[in-house]
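Here is what each chain is made of, one letter per residue.
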Amino acid sequence: MDFETRSACDLKKHGARVYAEHPSTRILCVAYSFDRGEPNVWFGDAAPEFGFEQSDPPELLLEYIAQGVPVEIFNADFEPSIWECICVPRFGWPPVQIKQWRDVQAYALHKALPARLEKVAQIVQAPHQKDDEGHRVMLKISKPAPRRKGDAPDLVRWNNDPDLFIKTTDYCRQDVRTEDCLGDALGPLPAPEQALFELDRTINTRGVQIDTDTVRGAGMVLETVRGRIMDEFRGLTSLEITQVQALKEYLEDFGVFTESLDKDFLTATIPNLEPGSEVRRILELRRRFAKASGAKVASMDRWTCRDGRIRNVAQYHGATTGRWAGRGPQFQNLPRPFGEDLFGVEYEDYTEADFDVLCATLARGRAAEVEAMYGDPLVAVSNALRSMIVAAPGHVFIGGDYSGIEMCVTAAVAGEEWKLEAIRKSHRGEGQDMYCVAAEAVFGYPVLGKKTHPKERQVGKVCELAFGYQGAVGAWRNFDKTDHHTDDDVQVYKTAWRGKHKGLAGDPETGDIGLWKGLELAAIECVSTGQVVDYNCVQFEMKGPWLTCRLPSGRRLWYWGPKLRWYPAPWDPEQQIMQLSVEQWRDGRWQRVKMYGGRWTENIVQAISRDLLARAMFLLERAGYPIVLTVHDEALSEIRGVPADALTVFRQCMEDIAPWARALNIPILVEPWTGRRFKK
């Protein structure tokens, strides 16, 4: 089943649910098929605008839905939102239960294919392809016509060409044919994944409450800051800050030549310019203007539904590993509050009352007041972003995440017994934190804690983040943006860290090749021989055009189009090594990606971490802790009141890991919290 609609609301900017709720949204048509037959088309309530009558109700379709027959779609955000917000209240159609939805997009994502219908159809060479010309026609009638000079602000023009409407209905039929082909080629989801998909839809449909007063007040504060920046910039340059080409030419007079004014250029260039100089101030204003754009604040405002909740912010199986990906406001990458003097205390001592005052101040929308109380308004807004997610009236949040879960899983899979014991001691509060443990391995002397050895501990932290997946200097630079450590320093840290982590990097004295090399060779053997290859806790197997990796949970990771080739070695271009590559959707395009031991380790560790969270999500729901949001390895539930044993029950649900996880000996620690505002 596939809908085509028209609306004055921008679907990409506002998301499917707000789009479906918008009063201007009407249905052009819906195409549907039974048992892969030729699609039928129903003309919607927008049809009269083109001179056609709205069709009579599709009785057989409605009868099947009322009986609970599964309904296959492509995109579980859009069609369910249109059905629930328009078809049910406007036409009196029966609701579709979440358990009825079958999503071909989810089938594709489960097998690590793109989330776009046309791309998936091309990759699998489906007999029916998406109609590109029909898509262009559909866009002409689904959105308002371009505005003309002199149009009143509230005037909306539409293209009501009847020929374009008929072509759009044909396009809708073709989408259904394509979806039917892909449903056969890719689906259905395995039963455990279909159950998780349904839970995902329950959570996304439930949504999470937003402090709309603070969101809108913060938007006003940012608008004021942007105005100040533009005024100062204009005074220095006589240019508008958005005139990129003119600014690049202007900078040439100061000896600054660049093809881009992006974040990387500004970060690299500004520190090298004379403090207090005009050119430095110009570039500082440009960078500050970008930070003042308030993209997250604006997105949160646009995506908020009529009831004050945001929905559909997590994409099921958005990553190859099965983890969720962020949509809309991107709650998966909210910044952690920073600035130790924001409330006059260390971050660990921030209280919810502190954030209540901060949010109340922002809600008034006065930049001068925010600046007087907290200093830089941009820092204040950034620090408040998490706190803009709130529990519904009469409810509280209870949340928690798996402490250092990727480090724990990596150590367990690699069989690093010394590290597992150190993690358990840290969990019991008996030993150092793990960043200090890593620092000791690097420096060779005791590192007691953050207060006594802050620099060494920070090195240990970056080592853990950068080196676990076979990273080197490049990975280090991704996590450490300072210039405190030379490349030679980083190489020394890497060598020391790897020397301690023989389960990963191998041990020349014993001949153990380590997890990284072992996984790499096992995958290559599977592709080269076509045989099933077991290694460590995973199993590689070819499944048609996919290389699969079976995880300890029984779930598979899927990799399309594996190929073996000789490549120059990264450490010595004169040396050739056999390397495996697969095709994946990365950076907005379908491309070939080289697989090596560190990447296999990363995929497997993150997939195992996801499976731990997925089990906990079911347990939390059954225990009466309805989830409203998941962020990486954290679950956030919204409950009415806080029972005396709430934290204990929540923790038990999170720490009740499956037998396969217990067999891996994964250390688990969850320290749940409660509050009215989301926090980290």
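Whatever comes next refers back to the structure up there.
All of the points below concern the structure found in this document. (Residues numbered from 1 in each chain as written. Predicted model: local features only at pLDDT ≥ 70, side-chain atom pairs only at ≥ 80, totals over all residues. Heavy atoms only, no water.)

Some points on the packing of helix α9 (residues 212–237) against helix α16 (residues 377–384)
Where α9 meets α16, the closest approach of the two axes is 10 Å, and the angle between their N-to-C directions is 155 degrees. Looking at the two axes, α9 sits roughly antiparallel to α16. You can see that α9 and α16 cross each other, and the crossing is left-handed. Packed against α9, whose contacting residues are A218, V221, L222 and V225, the element α16 presents P377, L378 and V381 at the interface. Split into classes, the residues belonging to the contact of α9 with α16 amount to 7 nonpolar, no polar and no charged. (Axes fitted to C-alpha atoms, helices over the stretch in contact; angles between N-to-C directions. Helix = DSSP H or I, 4+ residues; strand = E, 2+ residues; numbered from the N terminus. Parallel < 35°, antiparallel > 145°, perpendicular 65-115°, else oblique. Left-handed = near helix turned anticlockwise from the far one by under 90°. Contact = heavy atoms within 4.5 Å. Nonpolar A, V, L, I, M, F, W, Y, C, P; charged D, E, K, R; others polar.)

Structural notes on empty space enclosed by the protein
Counted by the stated rule, this structure contains 4 cavities of 30 Å³ or more. Considering only enclosed or pocket space, the largest cavity measures out at about 110 Å³ in volume. Looking at the largest cavity, it is lined by 15 residues, and the ones nearest its centre are I203, N204, A314, V628 and L629. The set of elements that each furnish at least two residues to the lining of the largest cavity consists of α8 (191–206) and β17 (627–631). Across the lining of the largest cavity, the residue classes break down as 9 nonpolar, 4 polar and 2 charged. When its volume is computed, the second largest cavity comes out at roughly 60 Å³. Lining the second largest cavity are R17, D77, P80, S81, E84, R201, N204, T205, R311 and N312. Broken down by secondary-structure element, the contributors of at least two residues to the lining of the second largest cavity are α3 (78–91) and α8. (1 Å grid on protein atoms, 1.4 Å probe; cavity = no way out; pocket = protein on both sides within 12 Å on 5 of 7 lines; lining within 4 Å. Points joined across faces, edges and corners; volume = space filled by probe spheres on them.)

Topic: the sheet that holds strand β10 (residues 396–401)
Across the sheet, which stays open at both edges, the 4 strands sit in the order β17-β18-β10-β19 with antiparallel pairing between neighbours. Strand pairing shows two members of the sheet lacking a second neighbour, β17 and β19 (673–675), which therefore form its edges. In this sheet, adjacent strand axes meet at a mean angle of 20 degrees when their direction is disregarded. As defined by bridge partners, β10 adjoins β19 across 3 bridges and the pair is classed as antiparallel. Residue pairing across strands places G399 opposite W673, the latter belonging to β19. Contacts from helix α25 (residues 597–622) reach β17 and β18 (634–639) within the one sheet, and its direction differs from that of β17 by about 165 degrees. (Pairing = 2+ DSSP bridges.)

Observations concerning the packing of helix α19 (residues 434–443) against helix α22 (residues 487–500)
Where α19 meets α22, the closest approach of the two axes is 8 Å, and the angle between their N-to-C directions is 110 degrees. In terms of orientation, α19 and α22 fall into the roughly perpendicular class. On α22, the residues that touch A438, A441, V442 and F443 of α19 are Y493, A496, W497 and K500. Each residue belonging to the contact of α19 with α22 can be placed in one class, and the counts come to 7 nonpolar, no polar and 1 charged.

Brief notes about a negative patch on the surface
Together, E53, D56, E59 and E63 line one region of the surface with negative charge. Residue placement: E59 occurs in helix α2 (residues 59–66). E59 sits in the exposed class, given a relative accessible area of 53%. (Patch = residues over 30% accessible without salt bridge, like charges linked within 9 Å, V, L, I, M, F, W, Y side chains within 5 Å. Areas by Shrake-Rupley, 256 points an atom, 1.4 Å probe, with all protein chains shown as cover. Salt bridge = Lys/Arg side-chain N within 4 Å of Asp/Glu carboxyl O. Lys, Arg positive; Asp, Glu negative; His and termini not counted. Charge placed at Lys NZ, Arg CZ, Asp CG, Glu CD. Buried < 20%, exposed > 50% of the residue type's maximum accessible area, 1.4 Å probe, protein only.)

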